[in-house]
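# Topology and contacts: notes
One letter stands for each residue in the lines below.
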Amino acid sequence: AMCKERAVELRDEILFRQPEGSYLGDCPICCLPLPLDTNKYVKYFCCSKVVCNGCTYANMNRQMVERSALECPFCRQLYATSEEEDHRPKKEKM
């Protein structure tokens, strides 16, 4: 029984091991290293932040549950729904 438990622990350690860091830095929301795979993160042009897919998904899920407008998970700028809106002035930095 002890051998099986240790085997499961070792498997989990290998499976869930996070890299020490990435040249891309960390996600500004969850602080985990950003993956090197470009399909696993999103760059938001409203605030120039790179956010991991996990935080992007959690933000979109929250907005769907609350039935609120889609906004950036970092700066809360509303997503542009037209080209005109994409050129609107950005929020002032605090």
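The following refers to the structure shown. Everything numeric in this text was worked out from a predicted model, so none of it was measured. (Residues numbered from 1 in each chain as written. Predicted model: local features only at pLDDT ≥ 70, side-chain atom pairs only at ≥ 80, totals over all residues. Heavy atoms only, no water.)

Attention now moves to the overall build of the protein chain. Helices and strands together make up the secondary structure of the protein chain, namely three helices and two strands. Secondary structure elements of the protein chain, listed N to C terminal, follow the sequence α-β-β-α-α. Across the 94 residues in the protein chain, those meeting the buried criterion constitute 18%. If you take every contact in the protein chain between residues at least 6 apart in sequence, the share linking residues at least 24 apart comes to 19%. Summed over its atoms, the accessible surface of the protein chain is roughly 7,800 Å², and 58% of this surface lies on carbon and sulfur atoms. (Helix = DSSP H or I, 4+ residues; strand = E, 2+ residues; numbered from the N terminus. Buried < 20%, exposed > 50% of the residue type's maximum accessible area, 1.4 Å probe, protein only. Contact = heavy atoms within 4.5 Å. Areas by Shrake-Rupley, 256 points an atom, 1.4 Å probe, with all protein chains shown as cover.)

This part takes up the pairing of strand β2 (residues 49–52). For strand β1 (residues 41–44) and β2, the ladder comprises four bridges, and the chain directions are antiparallel. Each residue of the ladder has a partner; that of Val 42, found in β2, is Val 51. (Pairing = 2+ DSSP bridges.)

Phi is positive for Cys 31, which is not a glycine, with a value near 65°. Note on placement: Cys 31 falls in the loop between α1 (2–16) and β1. Judged by its relative accessible area of 53%, Cys 31 is exposed.

What follows is about the side chain of Gln 63. Inspection of the secondary structure puts Gln 63 in helix α2 (residues 53–66). The exposure class assigned to Gln 63 is buried, which follows from its relative accessible area of 1%. Filtering out sequence-adjacent residues up to four positions away, Gln 63 remains in contact with Ser 68, Ala 69, Leu 70 and Glu 71.

The subject of this paragraph is the nonpolar core. In terms of nonpolar packing, the biggest core is built from nine residues, these being Cys 27, Leu 34, Tyr 41, Tyr 44, Cys 47, Val 51, Cys 52, Cys 55 and Cys 72. Only β1 and β2 provide two or more residues apiece to this core. Setting aside its immediate chain neighbours within four residues, Cys 52 contacts Cys 27, Cys 30, Leu 34, Lys 40 and Tyr 41. (Core = buried A, V, L, I, M, F, W, Y, C linked by side-chain atoms within 4.5 Å.)

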